[in-house]
Amino acid sequence: MSPQPQAAVGAPLSRVDGRLKVTGRAKYAAEHDVDGVVHAVVVDSSIGRGRVTGIDTRAALAQAGVLKVISHLNAPKLAYRENRSSNNPSGERLHVFQDDKVLFHGQPVAVVVATTLEAAQHAASLVQVHYDAEQPSTDLTKASAHDPVTYARGDTDKALQSAAVRLEMTYRAARNHHNPMEPHATIARWDGGQLTVWDKTQWVVGTQTELAAVFGVGLDSVRVISPFVGGGFGSGLRAWPHVTVAAVAAREVGRPVKLVLSRRQLYFGTGFRPAYEYQVRLGSDRRGRLTAMVHDIRAETSTYEDFQESILAAGQMLYSMPNVRQAYRTVPLDVNTPLYMRGPGYATASYVIESAMDELAHELGVDPIELRRRNEPADDESTGLPFSTRRLRECYTTGASEFGWHRRNPKPRSTSDGDWLIGTGMAAGVYDTLRNAAQAHVRLDADGTAVVEAATSDMGPGTYTSMTQVAADALGLSMRNVTFRLGDSLMPPTPPHGGSMTMASVGSAVQDGCDKLRQQAIKLAVEDEESPLYGVAPADVVVRGGRLHVKGTPARGETYQRLLSRNDRPHLEAAGAFAPPSGPERFSMYAYGATFAEVAVDARLGLVRVRRVLGVYDAGRIISPKLADSQALGGMVGGIGTALLEHTVTDHRDGRIVNANLADYLVAVNADVPDLRAIYLDGDDREADPIGVKGLGEVVHVGVAPAIANAVFHATGRRIRELPITAETLL
Ligand code: MOS
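Just so it is clear, the structure is predicted and the values come from calculations on it, not from any experiment. For every chain, the first residue of its written sequence is number 1, and the numbers climb from 1 along that sequence. For this predicted model, a pLDDT threshold of at least 70 governs which residues receive local features, and a threshold of 80 or more governs which side-chain atom pairs are given and counted, while totals over whole chains, interfaces and linings are taken from all residues. Side-chain measures were taken over the full set of non-hydrogen atoms in the model, leaving aside hydrogen atoms and water.

**Notes on the packing of helix H5 (residues 204-215) against helix H6 (residues 241-253)**
Relative orientation of the contacting elements H5 and H6 amounts to 55°, with a least axis distance of 11 Å. The pairing of H5 with H6 is recorded here as oblique in orientation. Where H5 crosses over H6, the handedness of that crossing is right-handed. Each of Thr 207, Leu 211, Val 214 and Phe 215 in H5 lies in contact with H6, whose residues at this interface are Val 243, Thr 244, Ala 247, Val 248 and Arg 251. Its residues assigned to classes, the contact of H5 with H6 shows 6 nonpolar, 2 polar and 1 charged. Axes here refer to lines fitted to C-alpha atoms; in helices the fit is confined to the stretch in contact. Angles between the N-to-C directions go from 0 to 180 degrees. Think of it this way: any DSSP run of H or I at least four residues long counts as a helix, any run of E at least two long counts as a strand, and we number them from the N terminus. An angle below 35 degrees is read as roughly parallel, one above 145 as roughly antiparallel, one from 65 to 115 as roughly perpendicular, and any other as oblique. Handedness of a crossing is defined here by the sense of rotation of the near helix relative to the far one, left-handed for an anticlockwise turn of less than a right angle and right-handed for a clockwise turn. Contacts are assigned to residue pairs with any non-hydrogen atoms lying within 4.5 Å of each other. Polar here means any residue other than Ala, Val, Leu, Ile, Met, Phe, Trp, Tyr, Cys and Pro, which are nonpolar, and Asp, Glu, Lys and Arg, which are charged; Gly is therefore polar.

What follows is the structure, encoded as structure tokens:
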């Protein structure tokens, strides 16, 4: 097979769906026109734990337009079968309206369905729910934990005892909420036993399997449609209870039902990045070579599900050391279940490890980059596997030179600009290169245009565009002659659109399908006596601009259109597939980055302003540089939020989230986002997947918060071991 010229891949193209988005023609979950739709509004619990003792619906039902109020008192029993192909953690998911128990503040206890949104909202406010309230437990620092997940290598106690330098610190990271711009929303419609759902989801297949399991029906009875997603950051990786509520309501009233969660309801109606307490002890020799590290980790989960994430891997493989011991304890609380959020696990682990490395560098008087270089491993010490690619050293070198790292005075609190103390900090980042089985379907029509389909999502990274780029080059077509479609469970199945695995998995399946289709066309031509390519070896044919020709002899060839019409073929079709190699991995595969930050701190007011952030990434091949920047700068903005602003606050007296709105839950806005820059090391990791990518969207967030925290220390000489770093903690 002759390699195809790469024209679209690697080009800084704008989004193919950009016009649809800016003109409002891209339809998000709540915007689909479904005939006869009525509106549902959830009534959520005002207690944090206990029982519902009664529900008075008389005033609500008396309102004009109200069709029904559904609660555990009148809801149908649902199957709630186990769903193994989902992101449901171990335990048992919340069963909506199946009993009188309240497990957390904000749990759905009833839903009002009415012909207008206003009627449903007003009637929901009139539903009187009576409770038997108990004291909820929502404080991570006070509650007791599940048995730990553990890891150990070497003899950490002995190594710590004999270490020349020993440090012990406890770090805390606040709960963060995803807060996508588009609220979670579902429109559900039953046609007999057939359920169709328009949903905000990062995984139409996951929502399909979950609804089939909840309602006890076959997969064929559920179709999930989600062509556009207005941001996710992980919140759309499972089907939350409101999706079931919408489908129950639609079945009960016999009409299509639209349910949109309010901004407030997103804080307990969907997941969150759990709060952490993370104690670390480390030992090193005088030159800063690590000898041992102990990690004691506590994180929030709910009482009914045990949410765990990849918090341990970074501590096992980021740096070389013979002795590591880890214990990861989840703490069941009266809260809803957490879920993955930007750089899940790795972002929190890197905040702790990279802060600790900065503390060690300061203790030893060694440059933070030099300290990291001295601890760079030759292979993955958690598995003994070689790295597919690991270019963290180059990330440091390029970053240091582009950022001007060596101009810094290493002494903390040594630099100022007027009233502002100036500091710089850096941190390494790492994220697992995940891939999973994916399929795609390709059709080339006789008019020379192609349609490619896969059931994946596009929550913002630009999947429509990047897949079109891969397909265009593999088919030898221009971008405008290729249409990529996604977001429908009738399309070929794909893994969750998360964990930075979409490009590797779906992109590889798209390329496979397009390669197969191109080969079919080439075969048709070289075996066709009427084709100018008759008799040419297939390996000598390339396709460019929709025209097949002999490699190096562009004059000898013909277009797809001519070839197909002469052969009376209305179209050619091919199925593409990707699956990671079976059996144990032969390589350790991760994306890496180094983040550099400069901050200014007003020491009297405790204000922190980020002045600039630079990230340098080893993420394999970059399919779409312009979209990569959109990911990387977005990851930095999220990292600024985690470092300085984002903090979901719970009132432990009743388990209520007190800042469940975008006025009190602070995210970085334009004024918080200064000079951001991303650099990608030119790479191509063929061990990871056939298109050579290692995933980008998560690693760009990992490392931002510790770089900022380290810069705050450098500016002020004060080490804040708690995120977010706020004026209160700095003063
Ligand atoms: Mo990403 S947290 O897996 O959407």
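On we go from here.
**Observations regarding the sheet that holds strand E2 (residues 50-56)**
When DSSP finds at least two bridges between two strands, those strands are taken to pair. Strand order in the open sheet formed by 3 strands is E5-E2-E7, with antiparallel pairing between adjacent strands. One side of each edge strand has no neighbouring strand; the edge strands of this open sheet are strand E5 (101-102) and strand E7 (128-133). Alignment of E2 against E7, held across 6 bridges, turns out to be antiparallel. In the sheet register, Gly 54 faces E7, and the bridge partner there is His 130.

**With respect to the packing of aromatic side chains**
Ring geometry is summarised as follows: Phe, Tyr and Trp rings, the Trp one being its six-membered ring, pair when their centres sit within 6.5 Å, and such pairs are stacked at plane angles under 30 degrees, edge-to-face over 60 and tilted between the two. The full count for this structure, using the stated rule, is 14 aromatic pairs. On the basis of an interplanar angle of 35° and a centroid distance of 5.5 Å, the ring pair of Phe 403 and Phe 596 is categorised as tilted. Placement of the pair is Phe 403 in helix H11 (residues 392-403) and Phe 596 in strand E27 (residues 590-602), with a sequence separation of 193 residues. Of the aromatic side chains, those joined through ring pairs into one cluster are Tyr 346, Phe 387, Tyr 431, Tyr 590 and Tyr 592. Each ring is checked for a lysine NZ or an arginine CZ that lies within 6 Å of its centre and within 35 degrees of its normal; such an atom marks a charge sitting over the ring. The cationic tip of Arg 175 hangs over the ring face of Phe 272; the distance from NZ or CZ to the ring centre is 3.7 Å. For Arg 251, the ring lying beneath its charged end belongs to Trp 190, and the centroid distance is 5.2 Å.

**Examining H5**
Here the expected length of a helix is defined as 1.5 Å per residue gap, with one fewer gap than residues. When the terminal C-alpha atoms of H5 are compared, their 16 Å separation across 12 residues agrees well with the 16 Å that a helix rising 1.5 Å per residue should span. The buried count for H5 comes to 12 of 12 residues, which makes it a mostly enclosed element. Of all the residues in H5, the buried ones are Val 204, Val 205, Gly 206, Thr 207, Gln 208, Thr 209, Glu 210, Leu 211, Ala 212, Ala 213, Val 214 and Phe 215. On the buried face of H5, the contacting elements are strand E10 (185-191), strand E11 (194-199), strand E12 (222-225) and H6. Just beyond H5, the residue with positive phi is Gly 216, at close to 65°. Exposure is judged per residue with a 1.4 Å probe applied to protein chains only, and the accessible area is read against the type maximum: over 50% gives exposed, under 20% gives buried, and values in between give partly exposed.

**Quick word on unusual backbone geometry**
In this chain, Leu 723 is followed by Pro 724 through a cis amide linkage whose omega measures -5°. Of note in the backbone geometry, Tyr 80 takes a positive phi value of approximately 45° without being a glycine. With respect to the helices, strands and loops of the structure, Tyr 80 is situated in the loop between strand E3 (66-71) and strand E4 (90-91). Phi is positive for Ser 500, close to 55°, though the residue is something other than glycine. Turning to its location among the elements, Ser 500 is positioned in the loop between strand E22 (482-485) and helix H13 (502-526). A residue is classified by how much of its surface remains accessible, and Ser 500, at 15% relative accessible area, is buried.

**Digging into the nonpolar core**
Counting 95 residues, the largest nonpolar core has Tyr 319, Val 599, Tyr 617 and Ile 708 as its most contacted members. Looking at which element gives the most residues to this core, the answer is helix H9 (residues 346-364), with 11 residues. Nonpolar cores are built from buried Ala, Val, Leu, Ile, Met, Phe, Trp, Tyr and Cys residues. Side-chain atoms within 4.5 Å join them into one set. In terms of nonpolar packing, the next biggest core, distinct from the first, is built from 51 residues, Ala 438, Ala 471, Leu 524 and Val 541 among them.

**As for a nonpolar patch on the surface**
Patch members must show over 30% relative accessible area and no salt bridge, and they are joined within 9 Å when carrying like charges or within 5 Å when they are nonpolar side chains of Val, Leu, Ile, Met, Phe, Trp or Tyr. Methods summary: accessible areas were calculated by the Shrake-Rupley approach with a probe of 1.4 Å, and residue burial reflects only the protein chains presented. Here a salt bridge means any side-chain nitrogen of Lys or Arg lying within 4 Å of a carboxyl oxygen belonging to Asp or Glu. Together, Leu 662, Val 667 and Val 669 make up a nonpolar patch on the protein surface, roughly 210 Å² of accessible area in all. Structurally, Leu 662 can be placed in the loop between strand E30 (656-657) and strand E31 (675-680). Residue Leu 662 is classed as partly exposed on the basis of its relative accessible area of 39%.

**Description of the sheet that holds strand E8 (residues 149-153)**
Taken together, the 6 strands give an open sheet; going across it, the order is E8-E17-E15-E14-E9-E32, and neighbouring strands pair in mixed fashion. One side of each edge strand has no neighbouring strand; the edge strands of this open sheet are E8 and strand E32 (722-723). Note: E8 against strand E17 (residues 323-333), 5 bridges, orientation antiparallel. Its bridge partner being in E17, Val 149 is matched across the sheet by Tyr 328.

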